[in-house]
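Remarks on the overall topology
These are the residues of each chain, in order.
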Amino acid sequence: MNLVTVSGPPSSGKTAVILKTIDSFQKRGLEVGVVKFDCLYTDDDILYKKAGVKVKKGLSGSLCPDHYFVSNIEEVVQWGIKEDLDLLITESAGLCNRCSPYVKNVTAVCVIDNLSGINTPKKIGPMLKSADIVIITKGDIVSQAEREVFASRVNTVNPGASIMNVNGLTGQGAYELSTLLYDEKANVKTLVGEKLRFSMPSALCSYCLGETRIGESFQMGNVRKINMEDKKNQ
């Protein structure tokens, strides 16, 4: 079974791109499944079901969605194998720019849109920097010059990635993407013992553990304070 991890900021067009790409796989007779990871709510599973795709969803609730992803990815892989899938796609909520759900030796795709701002590639962190493929969406809404500047910013952050423009509405570029995602020789049987490409945030603070009170006396664990002093007084 092939395994692909797709992540990206909210509303960047991940689900639309995945659906158009799956259509290309289905025309080739491949069995594709999706597991959608999100925080509080998603109805994307309904869209996948309408497209005839086997789908499961997991909501992390109060937990970091990427921590939730890592804690459940092995069970997800075993589900895909049980369903006899040719390709399993996991879609992450991508809410934490410090986290990254990518696993070594598993194809990693980051979806980012042209409307997010030209400085966004610098803000996303390992979710973009450690991806194998970067998909840029909503290119039909901006000018050619804006598309080129945005793609250049992405390339500066991750020069080793394959950068593609895909239209989640028309499907333009989806077939080309599908040719990069499926490897007939790949056969993932388990992820036990595999490692993340990038570590999760280091340690915990009191607010991670449920503290709601404000004040230094209530702050424990990994706490970082902003320097409010004027530089001339330092």
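These numbers come from a predicted model, not from an experiment.

Let's shift gears to the overall build of the chain. The helix and strand inventory of the chain stands at seven helices and seven strands. Each helix and strand of the chain, placed in order from N terminus to C terminus, yields the pattern β-α-β-α-β-α-β-β-α-α-β-α-β-α. Over its C-alpha trace the chain gives a radius of gyration of 19 Å, about what one expects of a compact globule, namely 17 Å for 234 residues. Counting only C-alpha atoms and orienting by the principal axes, one finds that the chain spans roughly 65 × 45 × 30 Å. Looking at the chain residue by residue over its 234 residues, the buried ones come to 44%. Partitioning the intrachain contacts of the chain with sequence separation of at least 6 by distance along the chain shows that 74% fall at a separation of at least 24. Taken as two groups, the 28 positive and 26 negative side-chain charges of the chain have centres that lie 4 Å from each other.

Put simply, helix α1 (residues 14-27) and helix α7 (residues 174-181) touch, their axes get as near as 8 Å, and they point 75° apart. By the angle between their directions, the pair α1 and α7 is classed as roughly perpendicular. Along its contact with α1, which presents Val17, Lys20, Thr21, Ser24 and Phe25, the element α7 presents Ala174, Tyr175, Leu177, Ser178 and Leu181. Split into classes, the residues belonging to the contact of α1 with α7 amount to six nonpolar, three polar and one charged.

A separate point is empty space enclosed by the protein. One simple way to see leftover space: roll a probe sized like a water molecule over the atoms. Across all of its chains, the model carries one cavity of 30 Å³ or more by this definition. Reported here for the largest cavity is a volume of approximately 60 Å³. Lining the largest cavity are Val6, Val17, Ile18, Thr21, Ile89, Val109, Val111, Leu177 and Leu181. By residue number, the principal contributor to the lining of the largest cavity is α1, which donates three residues. Considering only residue class, the lining of the largest cavity consists of eight nonpolar, one polar and no charged.

Glancing now at the nonpolar core. By size, the foremost hydrophobic cluster in this structure holds 24 residues, and its most contacted members are Ile22, Val34, Ile89, Val109 and Ile135. Of all the secondary structure elements, the ones that give two or more residues to this core are β1 (2-7), α1, β2 (32-38), β4 (87-91), β5 (107-113), β6 (133-137) and α7. When neighbours within four sequence positions are excluded, Ile135 is seen to be in contact with Val17, Val109, Cys110, Val111, Ile112, Met164, Val166 and Leu177. Residues Ile73, Leu88, Val106 and Leu191 belong to the second largest nonpolar core, which totals 15 residues.

With that out of the way, let us pick up α1. Helix length check: α1 (14 residues) gives 20 Å between terminal C-alpha atoms against 20 Å at 1.5 Å per residue, within 8%. Burial in α1 covers these residues: Lys14, Thr15, Val17, Ile18, Thr21, Ile22, Ser24 and Phe25. Phi turns positive one or two residues past the end of α1, at Gly29, with a value near 80°.

It is worth spelling out α7 at this point. Listed in full, the buried residues belonging to α7 are Ala174, Leu177, Ser178 and Leu181. Considered in projection along α7, the buried side chains sweep an arc of 105° and stay on one side of the axis. Packed against the buried residues of α7 are β1, α1, β4, β5, β6 and β7 (162-165).

It is worth spelling out the pairing of β5 at this point. Within β5, six of the seven residues are buried, which leaves the element mostly enclosed by the surrounding structure. In the sheet, β1 pairs with β5 via four bridges, with the strands oriented parallel. Considered in β5, the bridge of Thr5 is made with Ala108. As judged from the five bridges shared by β5 and β6, these two strands associate in the parallel manner. Bridge pairing links Cys110 to Val134 in β6.

Moving on, we come to the sheet that holds β5. Overall, parallel pairing links the seven strands, which are arranged β3-β2-β4-β1-β5-β6-β7 in an open sheet. Each edge of the open sheet is held by one strand with a lone partner, namely β3 (54-59) and β7. Averaged over all pairs of adjacent strands, the angle between their axes in this sheet comes to 20°, without regard to strand direction. Judged from the five bridges that link them, β1 and β4 form a sheet pairing that is parallel. By the bridge assignment, Asn2 is partnered in β4 with Leu87. Across the face of the sheet, α1 comes into contact with β1, β2, β4, β5 and β6 while running at roughly 175° to β4.

The rules behind these values
- Residues numbered from 1 in each chain as written.
- Predicted model: local features only at pLDDT ≥ 70, side-chain atom pairs only at ≥ 80, totals over all residues.
- Heavy atoms only, no water.
- Helix = DSSP H or I, 4+ residues; strand = E, 2+ residues; numbered from the N terminus.
- Rg over C-alpha atoms; globule rule 2.2 N^0.38 Å.
- Buried < 20%, exposed > 50% of the residue type's maximum accessible area, 1.4 Å probe, protein only.
- Contact = heavy atoms within 4.5 Å.
- Lys, Arg positive; Asp, Glu negative; His and termini not counted.
- Charge placed at Lys NZ, Arg CZ, Asp CG, Glu CD.
- Axes fitted to C-alpha atoms, helices over the stretch in contact; angles between N-to-C directions.
- Parallel < 35°, antiparallel > 145°, perpendicular 65-115°, else oblique.
- Nonpolar A, V, L, I, M, F, W, Y, C, P; charged D, E, K, R; others polar.
- 1 Å grid on protein atoms, 1.4 Å probe; cavity = no way out; pocket = protein on both sides within 12 Å on 5 of 7 lines; lining within 4 Å.
- Points joined across faces, edges and corners; volume = space filled by probe spheres on them.
- Core = buried A, V, L, I, M, F, W, Y, C linked by side-chain atoms within 4.5 Å.
- Expected span 1.5 Å × (residues − 1).
- Arc of directions from axis to C-beta.
- Pairing = 2+ DSSP bridges.

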